[in-house]
Amino acid sequence: MAVTVSPERGVVATPVQRATREALYAGAIALGLFVLFIGLRTDQNISNELILVQRWGLLAAVVIATMLGRFLYVAYGQPFLANQKIADIATGLLPESVATRFFRLPYFIAAVVVVAVLALLAGSLDGLLGPGLAGYARFARALAIIYALASVLFYFRTFILAHFSALGITALALYPIIVVAVLAGYAGSMAGGFQGSLKWVDNFGIQILIYVMLAWGLNIVVGLAGLLDLGYVAFYAVGAYAYALLGTHFGLSFWILLPAAGAMAAFWGVLLGFPVLRLRGDYLAIVTLAFGEIIRLVLINWREVTNGSAGISGIPKVTFFGLMTFNVSDPNYIAKVLDIATSSAYYKIFLYYLILGLCLLTAFVTIRLRRMPVGRAWEALREDEIACRSLGINTTTTKLTAFATGAMFGGFAGSFFAARQGFVSPESFIFLESAIILAMVVLGGMGSLVGIAVAAMVMIGGTEVLRELDFLKQVFGPDFTPELYRMLLFGMAMVIVMLWKPRGFVGSREPTAFLKKSKAVSGSFTKEGHG
Amino acid sequence: MSDTNPSPMNDAILQVDHLSMKFGGLVAIGDLSFQAKRGEITALIGPNGAGKTTVFNCITGFYKPSEGMLTLNRRDGSSYLLERLPNHEIPARAKVARTFQNIRLFSGMTLLENLLVAQHNKLMKASGYTVLGLFGFSGYRKASAESVELARHWLEKADLVDRADDPAGDLPYGAQRRLEIARAMCTGPELLCLDEPAAGLNPKESMALNALLMDIKDNTGTSILLIEHDMAVVMQISDHVVVLEYGRKISDGSPHSVRTDPRVIAAYLGVEDEEVETVLTEVGDEDVIEQLDTGPDSAHGPGTSSSYLAGPVTDTIGHSEGERVTVSKGASKAGQFDAKSSAAASKAAAQAAAPPAKAEPAAAKPTAKPSTAKAPAKSKVAGVSNRLTAPRGGEADNLTRIKGIGTVNEKKLNQHGIFHFDQIAAWKKADVAAVEAYLAFDGRIAREDWVGQAKLLAAGKETEFSRRVDAGKVETSHASGKTAKTVAGKTAAAPAGKRGGRK
Amino acid sequence: MQYFVQQLINGLTLGSIYGLIAIGYTMVYGIIGMINFAHGDIFMVGAFTALIVFLILGALFYSLPVVIALLIMMIVAMLLTSLYNWTIEKVAYRPLRGSFRLAPLITAIGMSIALSNFVQVTQGPRNKPIPPMVSTVYNIEGISVSLKQIIIVIVTALLLALFWYLVNKTSLGRAQRACEQDRKMAALLGIDVDRTISITFVMGAALAAVAGTLFLMYYGVIAFSDGFTPGVKAFTAAVLGGIGSLPGAVLGGLMIGFIESMWSAYFSIDYKDVAAFSILAIVLIFLPSGILGRPEVEKV
Ligand SMILES: Nc1ncnc2c1ncn2[C@@H]1O[C@H](COP(=O)(O)OP(=O)(O)O)[C@@H](O)[C@H]1O
Ligand SMILES: [Mg+2]
């Protein structure tokens, strides 16, 4: 593997020679691709005319970086990977041999020490090292924490894999408590803890869980029934607007509107599904995409009702089951009732548990349905529609139930989203959202709840983390805005992960019934549906 | 949808009346009528492309027939017009289940799941259309347990219970076939339609399959409609056989009567020969090909098939000895038989005038439709310029002394008025083309220089090949003086042996 | 009547551009059965390349005949855009060929996100307006036809003719059709399948680049996010015409163009896209394989 025969000259080429050639080749292509886009930049001058700014240095840097990357990959990366024999196909994790070399006790201890020292010095870091170095120190601390956590996970990996769902749910249930506790310890006061937890609970927690729920909902349509739906976000929009409109106009409570929004979305699912579900494959995909766009365009243009692009604001908050509210002005405001300090964090934490509950409901229903005739019929439909019909299964109604069930969860998520934001606008329901949700389902592994949840966490969490990489300003200068690169990296990561694991994180399928012993079905047998 | 006029004494579970199915211009089934009796195994046989699968697709609602009526009489006296029921209601209400020629399992689901999906409708009802089941009602739990028991029952019958928790896609081929049957049985059918269940099975698996089918027939009372190529299976287990060719029924009756029906034999022979020829062409054994070649037959039909005449049918070839006839291209095999028998009366005239099928409208009638594509070829034969009505002096030359002409072709040439070397020697380009078209030889006459050989032989000289023939060293030829007939018998036996061996 | 003809001309212009993009979708779909979601962004890259070339030309030459400038813009855009699509196919789609059907769809979506954000990062998020290149307008009996529109229609017609020739009369086209029918068999017969697929992507991108250049010339403005809407419309056009069918793509493009301009003229400009998408859905309900698509036979 280390030595290959070069086809052109028939001479034996070492990896380095081959890598050199490949690097030149890659460099040439990169030059072609980037010469206009990186070498030049269109900018407006004072009189608002377009002018070109030349950036040849940057172009050279990018091309050289490409060449270098390609060279290193071909010369060292490929032989290394070839020698490692990527053994762990099931998990797709690092091969055992590499992992054990990477996670060692001394390293772990060192990491813990680094974390401890830097945490102790946290307050005085800026003073000690100056703002520049302190940034790096915080980054190093973050890396050390990640390493330490990864080591722990690696050490207990068999246990974790065996009890993944239970551990996951426990961790999710404790997450706000841990966040508040840690931050309270950090800030020295309970109020500080709540205040600091906002970002963690809202951006990371709620945001990710909404996507988990959406992806689980879409999973019923795409992952189980094998119907390619590119307009799922339409049902999310229906749910959100149903809550927004009914909540603001009629003042109905969330607890009434949640099921109503779900029912409404399901109704739309049936309405759309009825004529189009006999379409196959990519025709269904484009019609659902078109439907998603139609809903968005109607939301934008039907200004009398939806207030157009400006959206609807002032959407009522969720109440604590009618007992307490989260509005400071209300007499039964939670802080007044419980006699604690006022904080907006209570609402977020409540919302966190609410969406967690909704997610668990989705998971529960999905798991339950999979073991029922209708769920099995969905999967059978994905495997072979003709065989289904030969067994007397009404494929149209089966598809419709899948579509409607998926839509219903989209509607639930939508009304939750409206309640959480207090504001909805068509902006939030663009095609990109559908695409991202679909990507979660596929990246996670069609049909696998755990895989999809992990994919959602990685994708949304990852982009959120990119927002936090302020220290990069230290590296690339103060003009550098890491946020700009967020979606670029996101797109590229999608491609890379898909290339790495075309069947998603969890490629296998859990059977829904067994006689003697339940054995996971390898992904190579499952089909992906035609619809 | 269903007229429930009770007719308890009706012992036909399925009544097919004047069924036609057209795909554009192609008539896949033309005016087919037959009955399948309750509790029996009815076999539907016929060459590839005969329209058997299409019949199944009409019965199970995948195709809407162009014309005709399909009546299914259920045990409880209700009857259904299948062509009016939607696809999925046929298994659900009329209780017809089927398997597919190219197996259609839910390959990513386990065996058990496959069988549970088959019980969908029953379980849907039990689960209160999901609603009650979602909340774990006991009625559903009981039904669910029962369905697993039923699945286990059929897994045991199909000898697959050890693999119940494996994905269906992981099974070997034969097991997949059995699983498909088990799955169909889990729908609780009254009529089970099996599309080539034994195709691709080894003898052992084939035996197991037979046992399973007999078991189903005897113990469940399910009637079976069976498409099968393997004659061994058909003869062994079926009670009634319907033979299709080009979408038309050519025979219908007990296995024995069908087996000896000359039209069926004719229908099967051609395909067989073509088959053997293709194989031999690949091997490059031209002499043998020549010997087997029945000319027009190689123009036959859309598909090639494998196991047509395995086993029992070998001896039918014995019967057919000397009856091998050739008619114009494009006529069906059964038609060829008709042609032959009717042509026999006016043999000389027919031979002189034109190919029999053409001369005899009666014979042509049942075969008029199919594959008209090759029709023009026959007019060309008439174009061979120097034909004779009978050999000069009552004795033909031994044409097999020409390299490339074997007994079969000799006979064909004789039938078309070519008896002497000098006739062949005098062939012009157009004649060669005409004969080639007739014998379905592409360029072979020129390649082997029949004309040149014939010139030498006509002049009384010898070729190297003719010397070998005269010395009796060439199996495909007969020494001068021997009758063609005996050799024809021998040649017919040879491919039969091959057939047996190939299976 | 005049008004109607006017709208017809507008629709024809718009439809030409959609048709050019739609061909890229339909060809890729025909040959590897995948929806190339990045194609709309390829179109946008084409338009941006033309924009930058336009600015370079402006900086280099004091004055240049419009036809030559357009030609240079088009050619450079075709070359560079083809290189983009070629690279994308090689990196993101080829490794997944023959794998899970949805995998390349997801990488295509990823590529679409990456491409538009790449342009945003490198060229900035704002709209990029250029001064009008061609401003002649002819007035024939109350119908105004701009030179821009004439150029668009003529260029499209020429390209389609060339393209038709390539696909139907050359060995390359034959190889493409062979791969469409049966890729394995084509490979066995000695057709270089990888190369044929690459060329298909290159051809699709070249047409999209021309569409991008024409779009830039027509509207005089482009932004990084402008790939999506024309992309979706063109995809709609391809499906409407019957995906996999080249004449269908052009026909679908024209139909979408006409629907849009007519709807904007006679009903409401706000709902023109809604009209286009609704008509797609309605057509598909009655003609499940599009207008010129081969009906899918359900072989049992
Ligand atoms: N959906 C279809 N469209 C067009 N022709 C078909 C279709 N289904 C079957 N046929 C044609 O009908 C004829 C009979 O086919 P089939 O029933 O499969 O034959 P068999 O099962 O006897 O081998 C064949 O010529 C086949 O090509
Ligand atoms: Mg068949």
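Above this note sits the structure.
Residues numbered from 1 in each chain as written. Chains lettered and ligands numbered in written order. Predicted model: local features only at pLDDT ≥ 70, side-chain atom pairs only at ≥ 80, totals over all residues. Heavy atoms only, no water.

## As for the overall build of chain A
And step 1. Of regular secondary structure, chain A possesses 21 helices and six strands.
And step 2. Burial analysis of chain A (531 residues in total) assigns 51% to the buried set.
And step 3. For chain A, the proportion of contacts with a sequence separation of at least 24, taken over those separated by at least 6, is 68%.
And step 4. When the accessible surface of chain A is summed, it comes to about 23,900 Å², and 70% of that surface belongs to carbon and sulfur atoms. (Helix = DSSP H or I, 4+ residues; strand = E, 2+ residues; numbered from the N terminus. Buried < 20%, exposed > 50% of the residue type's maximum accessible area, 1.4 Å probe, protein only. Contact = heavy atoms within 4.5 Å. Areas by Shrake-Rupley, 256 points an atom, 1.4 Å probe, with all protein chains shown as cover.)

## Topic: the sheet that holds strand β4 (residues 67-73) of chain B
Residue and element names in this part refer to chain B.
And step 1. Read from one edge to the other, the open sheet built from four strands follows the order β2-β1-β4-β5, with strand pairing classed as antiparallel. Where the open sheet ends on each side, the last strands, each with one partner, are β2 (26-37) and β5 (79-81). Sheet twist, expressed as the mean angle between neighbouring strand axes with direction ignored, is 15°.
And step 2. The pairing of strand β1 (residues 12-23) with β2 spans eight bridges and is antiparallel. Considered in β2, the bridge of Gln 15 is made with Gln 35. (Pairing = 2+ DSSP bridges. Axes fitted to C-alpha atoms, helices over the stretch in contact; angles between N-to-C directions.)

## Points about the coordination of the magnesium ion (ligand 2)
Residues and elements named next belong to chain B.
And step 1. Looking at the magnesium ion (ligand 2), the protein donor atoms are Thr 53 (OG1) and Gln 101 (OE1), and they sit 2.0 to 2.2 Å from it. One end of the pair, Thr 53, is in helix α1 (residues 52-59); the other, Gln 101, is in the loop between β6 (96-98) and α3 (111-117), with 48 residues separating them in the sequence.
And step 2. Its relative accessible area of 19% is what places Thr 53 among the buried residues. (Donors = N, O, S within 2.8 Å, 3.2 Å for Na, K, Ca; no water.)

## Concerning the interface of chain C and chain A
And step 1. Contacts between the two partners involve 73 residues from chain C, matched on the other side by 64 residues from chain A.
And step 2. Summing the contributions of chain C and of chain A, the shared interface buries around 6,000 Å²; its carbon and sulfur component is 73%.
And step 3. Among the residues of chain C in contact with chain A, Phe100(C), Arg101(C) and Ile106(C) are the three that bury the most area, contributing 12% of the side total.
And step 4. For the pair chain C and chain A, the interface holds one salt bridge.
And step 5. Across the salt bridge formed by Asp270(C) and Arg303(A), the nearest N and O atoms sit 3.4 Å from each other.
And step 6. At the junction of chain C and chain A, the tally comes to 13 residue pairs in polar contact (both at pLDDT 80 or more).
And step 7. Where the side of chain C that touches chain A is concerned, the elements lending two or more residues are α2 (39-60), α3 (66-93), α4 (102-123), β1 (128-129), α9 (228-241) and α11 (272-286) of chain C.
And step 8. Along the lines of polarity and charge, the residues of the side of chain C that touches chain A split into 48 nonpolar, 16 polar and nine charged. (Buried area = accessible area lost by both parts, 1.4 Å probe. Salt bridge = Lys/Arg side-chain N within 4 Å of Asp/Glu carboxyl O. Polar contact = N/O pair within 3.5 Å; in protein donor to acceptor, adjacent residues only side chain to side chain. Nonpolar A, V, L, I, M, F, W, Y, C, P; charged D, E, K, R; others polar.)

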